Structures are given as C-alpha cells and as structure tokens.
Number of protein chains: 2
Amino acid sequence: MNLIMIFPDEVTSNNSVQLTDERAKHIRTVLRAQPGKTLRIGLLNGPLGIGMVEKTLDESVMLSCAWEAAPPPRPAIDLLLAMPRPKVLKRLWAQFAALGVGRIILTNAEKVERFYFDTHVLDPDFYNARLVEGLQQARDTLLPEVRIVRKLKPFIEDELDGVFPRSGKRIIADPSGTQTVFQALVARDAPLEADCVGAQRFAAQGQSERVMLVVGPEGGWTPAELELFKAHGFEVFGMGPRILRTDTACIALLSQLSLCFSLE
Amino acid sequence: MNLIMIFPDEVTSNNSVQLTDERAKHIRTVLRAQPGKTLRIGLLNGPLGIGMVEKTLDESVMLSCAWEAAPPPRPAIDLLLAMPRPKVLKRLWAQFAALGVGRIILTNAEKVERFYFDTHVLDPDFYNARLVEGLQQARDTLLPEVRIVRKLKPFIEDELDGVFPRSGKRIIADPSGTQTVFQALVARDAPLEADCVGAQRFAAQGQSERVMLVVGPEGGWTPAELELFKAHGFEVFGMGPRILRTDTACIALLSQLSLCFSLE
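Since the structure is predicted, the reported quantities are computational estimates derived from the model, not experimental observations. (Residues numbered from 1 in each chain as written. Chains lettered and ligands numbered in written order. Predicted model: local features only at pLDDT ≥ 70, side-chain atom pairs only at ≥ 80, totals over all residues. Heavy atoms only, no water.)

Visitor: Explanation requested: the overall build of chain A in the structure shown.
Guide: Secondary structure summary: chain A contains 8 helices and 11 strands in total. Taking the principal axes of the C-alpha coordinates as reference, chain A spans close to 60 × 45 × 35 Å. Among the 264 residues that make up chain A, the fraction classed as buried is 56%. In chain A, once contacts between residues fewer than 6 apart in sequence are set aside, the share between residues at least 24 apart is 71%. As displayed, chain A offers around 11,800 Å² of accessible surface, 51% of which is attributable to carbon and sulfur atoms. Between the mean site of the 30 positive side-chain charges and the mean site of the 32 negative ones, chain A shows a separation of 3 Å. (Helix = DSSP H or I, 4+ residues; strand = E, 2+ residues; numbered from the N terminus. Buried < 20%, exposed > 50% of the residue type's maximum accessible area, 1.4 Å probe, protein only. Contact = heavy atoms within 4.5 Å. Areas by Shrake-Rupley, 256 points an atom, 1.4 Å probe, with all protein chains shown as cover. Lys, Arg positive; Asp, Glu negative; His and termini not counted. Charge placed at Lys NZ, Arg CZ, Asp CG, Glu CD.)

Visitor: In this structure, what is going on with the relation of the copies chain B and chain A? I would like to understand it.
Guide: The two chain copies are connected by a rotation around an axis plus a translation along it. Mapping chain B onto chain A calls for a rotation angle of 180 degrees and an axial translation of 0.0 Å; the resulting RMSD is 0.0 Å. In the structure described here, the two chain copies are related by an operation that fits a two-fold rotation axis. A shared binding surface is used by both copies, with 100% of the interface residues of chain B retained as interface residues in chain A. (Least-squares fit on C-alpha atoms with pLDDT ≥ 70 in both.)

Visitor: What's the story with the packing of aromatic side chains in this structure? I'm lost.
Guide: Two measures describe an aromatic ring pair: the distance that separates the ring centres and the angle between the ring planes. All names here are of chain B. This structure, assessed with the given rule, holds 9 aromatic pairs over all chains. Between Phe 115 and Tyr 116 the ring centres are 5.1 Å apart and the planes differ by 90 degrees, which places this aromatic pair in the edge-to-face class. The class for Tyr 116 is buried, based on a relative accessible area of 14%. Aromatic pair Phe 229 and Phe 234: ring centres 5.3 Å apart, planes at 85 degrees, arrangement edge-to-face. Side by side, Phe 229 and Phe 234 carry an identical accessibility label, which is buried. (Phe/Tyr/Trp six-rings, centres within 6.5 Å; stacked < 30°, edge-to-face > 60°.)

Visitor: Where do I start with the pairing of strand 3 (residues 38–43) of chain B in this structure?
Guide: Look at any regular strand and the pattern is simple: side chains alternate between the two faces of the sheet. Residue and element names in this part refer to chain B. Here strand 1 (residues 4–6) runs beside strand 3; their pairing, made up of 3 bridges, is parallel. Within strand 3, the residue paired with Ile 4 across the bridge is Ile 41. Relative to strand 4 (residues 48–56), strand 3 is paired through 5 bridges, and the arrangement is antiparallel. Bridging across to strand 4, Thr 38 finds its partner in Met 52. (Pairing = 2+ DSSP bridges.)

Visitor: Which parts of the structure should I look at to understand the sheet that holds strand 9 (residues 169–173) of chain B?
Guide: Adjacent strands of a sheet pair through backbone hydrogen bonds, lying either parallel or antiparallel. All names here are of chain B. What the 6 strands build is an open sheet, ordered 8-7-6-10-9-11; its pairing is parallel. Each edge of the sheet is formed by a strand with only one pairing partner; in this case those strands are strand 8 (145–149) and strand 11 (235–237). Each strand axis lies, on average, 20 degrees off the axis of its neighbour in the sheet, ignoring direction. With 5 bridges connecting them, strand 7 (residues 103–107) and strand 8 associate as parallel partners. Its bridge partner being in strand 8, Arg 103 is matched across the sheet by Glu 145. (Axes fitted to C-alpha atoms, helices over the stretch in contact; angles between N-to-C directions.)

Visitor: I keep staring at the interface of chain B and chain A and nothing clicks. Help me out?
Guide: A common way to state how big an interface is: give the accessible area lost once the parts meet. Facing 33 residues of chain B, the contacting portion of chain A comprises 33 residues. With both chains or domains summed, chain B and chain A bury close to 3,000 Å², and 56% of this area falls on carbon and sulfur atoms. Applying the counting rule to chain B against chain A returns 2 salt bridges. Where Asp 140 of chain A meets Arg 242 of chain B, a salt bridge forms, and the shortest distance between an N and an O atom there is 2.9 Å. (Buried area = accessible area lost by both parts, 1.4 Å probe. Salt bridge = Lys/Arg side-chain N within 4 Å of Asp/Glu carboxyl O.)

Visitor: Explain the nonpolar core here, please?
Guide: Note that soluble globular proteins tend to have their nonpolar side chains buried in a common cluster. Membership of the largest hydrophobic core comes to 150 residues, with the highest contact counts inside it found for Trp 93, Phe 96 and Leu 213 of chain A together with Trp 93, Phe 96 and Leu 213 of chain B. Every residue in contact with Phe 96 of chain A, bar those within four places of it in the chain, is listed here: Leu 79, Leu 81, Leu 89, Val 101, Ile 104, Cys 250 and Leu 254 of chain A. (Core = buried A, V, L, I, M, F, W, Y, C linked by side-chain atoms within 4.5 Å.)

Visitor: What's the story with unusual backbone geometry in this structure? I'm lost.
Guide: Within the chain, Arg 139 of chain A stands out as a residue other than glycine whose phi angle is a positive 60 degrees. Within the secondary structure, Arg 139 of chain A is located in the loop between helix 3 (124–138) and strand 8 (145–149). By relative accessible area, which is 29% here, Arg 139 of chain A ends up partly exposed. Backbone geometry at Asn 15 of chain B places phi at a positive 60 degrees, although glycine is not the residue there.

Visitor: Which parts of the structure should I look at to understand the pattern of salt bridges?
Guide: Pairing between side chains of opposite charge can happen when their charged atoms approach one another. All names here are of chain B. Applying the stated criterion to the full structure yields 26 salt bridges over all chains. Where Asp 21 meets Arg 23, a salt bridge forms, and the shortest distance between an N and an O atom there is 3.0 Å. Its relative accessible area of 8% is what places Arg 23 among the buried residues.

Visitor: Which parts of the structure should I look at to understand the confidence of the model for chain A?
Guide: Close reading of the predicted structure is inappropriate where its pLDDT is low. Averaged over every residue, the pLDDT of chain A is 92; the share at 70 or more is 92%. Under the prediction, the complex receives an ipTM of 0.91, its pTM being 0.92. (pLDDT = per-residue confidence, 0-100.)

Visitor: Would you take a moment to explain the state of the cysteines for this structure?
Guide: Covalently bonding the sulfur atom of one cysteine to the sulfur atom of another cysteine gives a disulfide. Residues and elements named next belong to chain B. Following the criterion strictly, the structure yields 0 disulfides over all chains and no others. Cys 250 takes part in no disulfide bond, and the closest cysteine sulfur to it belongs to Cys 260, at a distance of 16 Å. We classify Cys 250 as buried; its relative accessible area is 1%. (Disulfide = S-S within 2.5 Å.)

Visitor: How do you make sense of the sheet that holds strand 8 of chain A when you look at a structure like this?
Guide: All names here are of chain A. Strand order in this open sheet of 6 strands is 8-7-6-10-9-11, and the pairing throughout is parallel. Two strands in the sheet have a free side with no partner beyond their single neighbour: strand 8 and strand 11 (235–237). Direction aside, the axes of adjacent strands within the sheet are offset by 20 degrees on average.

Visitor: Can you help me understand the packing of helix 2 (residues 86–99) of chain A against helix 3 of chain A in this one?
Guide: Helix-helix packing: each pair is described by the crossing angle between the helix axes and the interaxial distance. Residues and elements named next belong to chain A. The geometry of helix 2 relative to helix 3 is characterised by a closest axis approach of 7 Å and an angle of 40 degrees between their N-to-C directions. Between helix 2 and helix 3, the angle is such that the two are oblique. Remark: the crossing between helix 2 and helix 3 carries right-handed chirality. Packed against helix 2, whose contacting residues are Lys 90, Trp 93, Ala 94, Ala 97 and Ala 98, the element helix 3 presents Phe 126, Tyr 127, Arg 130, Leu 131, Glu 133, Gly 134, Leu 135, Gln 137 and Ala 138 at the interface. (Parallel < 35°, antiparallel > 145°, perpendicular 65-115°, else oblique. Left-handed = near helix turned anticlockwise from the far one by under 90°.)

Visitor: Any chance you could explain the domain arrangement of chain A here in plain terms?
Guide: All names here are of chain A. Annotation of chain A at the domain level lists domain 1 (4–67) and domain 2 (77–261). Here domain 1 and domain 2 have C-alpha centroids that lie 34 Å from each other. Together domain 1 and domain 2 conceal approximately 740 Å² of surface at their shared face, both sides included; 63% is due to carbon and sulfur atoms. When the buried surface of domain 1 facing domain 2 is broken down by residue, Met 5, Arg 40 and Asn 45 rank first, second and third, together holding 58% of it. Here domain 1 and domain 2 share 0 salt bridges between them. Elements with a contribution of two residues or more to the side of domain 1 that touches domain 2: strand 1 (4–6) and strand 3 (38–43). If one sorts the elements of the side of domain 1 that touches domain 2 by residue count, strand 3 sits on top with 3 residues. (Domains from an automatic or database assignment.)

Quick look at the structure:
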C-alpha cells in the first residue's frame, strides 16, 4: 500500500477520518505510525493528500487530512477487452488500476465462452475492491469506469462514438498486425512519418488525446470481428512473433502505450 | 500450448518421437489431431519445426519431425532481478520465458529477506518446467539460463564483466530515474540525441547488442546498492510516477524493452 485510500463519506466536516478496518491495521502494524506521523493518502475520485496521525487506539486510527488542490489527471487510455476467463480477470483488475486506465470495457466475442460472464468477478463490489487495491499500489485515486458489453456488434456500431470520441486514437492489438504500437498511433494522421518521429509528435500533443486499446480473446478475434473494428477506425498493430497469455499481453500493451505517452 | 516442446533425448535417429505424457493428452484431446495432421513443434535449445502425427494410441502419440535449419535467435535481454517473494517468482518464471530473456540472474539485496531463498521455486526441476511452459506459449525453444547470486557486491565487482560484456547496454529501473528506457539505452553513446532518434539508432544496430536489465526488490535498492550499479556502468531510468508490483513491473519493463528492439 503506497497510499491509504479514503472514501468521500468517511471524511468529516473538519477534514478528519477515523479508520477501523484493514487500513488502520496497516497503519498500526506495517507502517507503525505514531501520532504526528504523516502518511500519503488519496480521496477516491478526488485529490491526493497527506494524512497526519492524530491518535491511534486499539483498533482505530484517527487522521487529519490535507488535500491537494486538484485530483490527478485521468489516465488517457481506455481498454476494450474481450472477456477473459474469470480466473485471469480476477488477477487483472488490480493491475489495470495500477497501470492506469480510464475505462475498462469487457465485451463478448465469438471466441469468448458465454459462461465467463456468470462470475462473481464481474460483481461491482468485487472488482471495485480490487481496483482500489491497484490505485493504492500506484498512488492514484481515479477509479476506472467499468462497463460490461454483452453484444459487441451493436456496441461498436451504435454506441462507441458516444463513449469514445472519433477524434481519439483507436488501436487494436492482433497477431496479424505488422506495425508497432507507435506506428499505429500515428498511422492515420501521418502514414509516411510513422514510428518514432510520429510518436514524438503524438506525445507532444499531451494527454489531451485519448487512446482506446482493444485486446482480443485467447483464441483471437474472428476475421469478421477484426473487420468490424477496422471499419470503425481501429488501426491494427502487433507485438512481434511471441504469443503471450491474455494477462501478460494486457500488461505488456498498457506498458508500451504508457512509454509512448512519456516520450519527449 | 502454441508449440509442443520436444526434448533432445526423445528424438530417435529417424527423427520420430513418441509422446506419452501431458503433451500426448493435449494433442489427442485439445488439438484432436488425427494421423496426417501437422503440429508446430520445437526442440529444446534447438530449432523450431513441424511434427506430423503418424499414429495415436490410447495413451501415446507418434510424431515424425522436420526441423528448421537453425534455432531461433537468443533473446537479447538478460535480467538481473532482486529475489522476489517465492509466491511472486512462482508466477513469473513462465512469463519471463514467454516475454523472452536470455538469462535470469536472481540476487540477494539489502531489502530481500534471506528466507526467500529457501524455496522449492528455486529448484531447477521446478523452474525449468515453468520456463518450458512459457516457451511453449511464445513459440520459442531457447531455455533461459538461470543463476542464483547470494552476494550481490562480489558478483558485480568480480564476475559481472565475465558474464555480461562491457560493450553491452546496462540499465537499471528505479523510481529515482527521470529518463525513459529509450533514453537510458542511448545515454552513454549519445547523451544529446537521447530518446527517440537515439532509440532508432539503437534498434538499427540490430540484436547484436545485448541489454542487461536490473530490477530491484519491493522495497527498492539501498543508496549504496544503486551506487554500486552506477559505478559499473548501469544507466538509471524510470517508468513514471506509478509504482508497480514487482511482477507487473517485470512484465512492463521487458515489454517496453522489446518495443525498443522493434523500432524501425
């Protein structure tokens, strides 16, 4: 825990918080914080801040909170992911929040088993707890939005433009892709200067431009699905010849994208 | 399993193989391969190839093998990692092999608990099985070399130059790093053209140049350890403000590095 997450309804009018759960235990037993000690805190969907330990009792910790002026920026990446096996998704929630995504859309696909959707792993109480865990790891406060899409085609055809602006970058990872993620990010605007120079130009635009990253199921998208994405402005790219498990691939792709955002 | 791994001592003089274990079961029940069907195979530490199913019996499968002329290239990245918690390392072995590393060196460090080394996860039978699993996922055949280093300082001072040439790129990920992995790769040769142009130049050199990537323990390196690495030619870089778990960080860093190798 690199940050103690505070929930808005826990904060009193004089900006103090009384914690009694795992967070209090962590502060007392792992951080061994005595009164006067300051801790990194965050307000869920709000600013980061500093909490000073006012007093510790047997089971509880009282903090006084000082907040930064503004919340951290929302991560510029939205992820549209074919629903993975529940066991895999269970491990991924915290990773998504730690790596930084603005929105997670889980969708059905031809090669996704229907029963994958019948799982407690899609229960908001379950995934929100995991997302908060990832935010606390990465020192962020913005809970990714989660959406479950049962039918891919109508979502892409009728809803996508409302959810994700046409002006944003739409990219889809697929083994058939021959360009890198860099090239995909600049392909439509500047096909000739693709790759490095274009990526620099992309980064120079700052985080104003959002990226939607699409990742397929273990068995891949069908040709028809891939065409559907292409017809709606998604640029295909690959990660080379090595085939990765969905969970590894998600982390790898988000990391490569975040590198594109940090180029100077 | 995107490739069936064959072990050298299983191949008869006329290039046939009889499988009876999990691989035979996978071929019969998951791939449902009938005689005449061809499968992707690989010879451990040797070439990729094609196996044709000659016959299937109740428990066994007989393949005739045709091999490519040369083994795939050894991944250009060596990883030096402070020994993680055994539970974390257990999950990482297959990922390392899937992402592609030439060598994995696990080392002690000030903030590594000594008991981490008392684990079956460091037993060669255990980790080689996991590494083969990762190779089968990624369609590679070259088993990463594994080495356990109990004392970091004498290893860096006395042995490193023999294990990893001074001409290679040495980089270390640390939260104190302000440059990207791109910049770190070219920092010594071309400090002024760092980042994108330099990275392109790096990629243009091809895979002839090896990279050693150093990743620290959950609690980080001590200042003295960091100085030791710097004094031996390691360039410090970071991944931005988000703090990742060791397992996520390893996957993220290896993915960013592989992107650097694939730039045009």
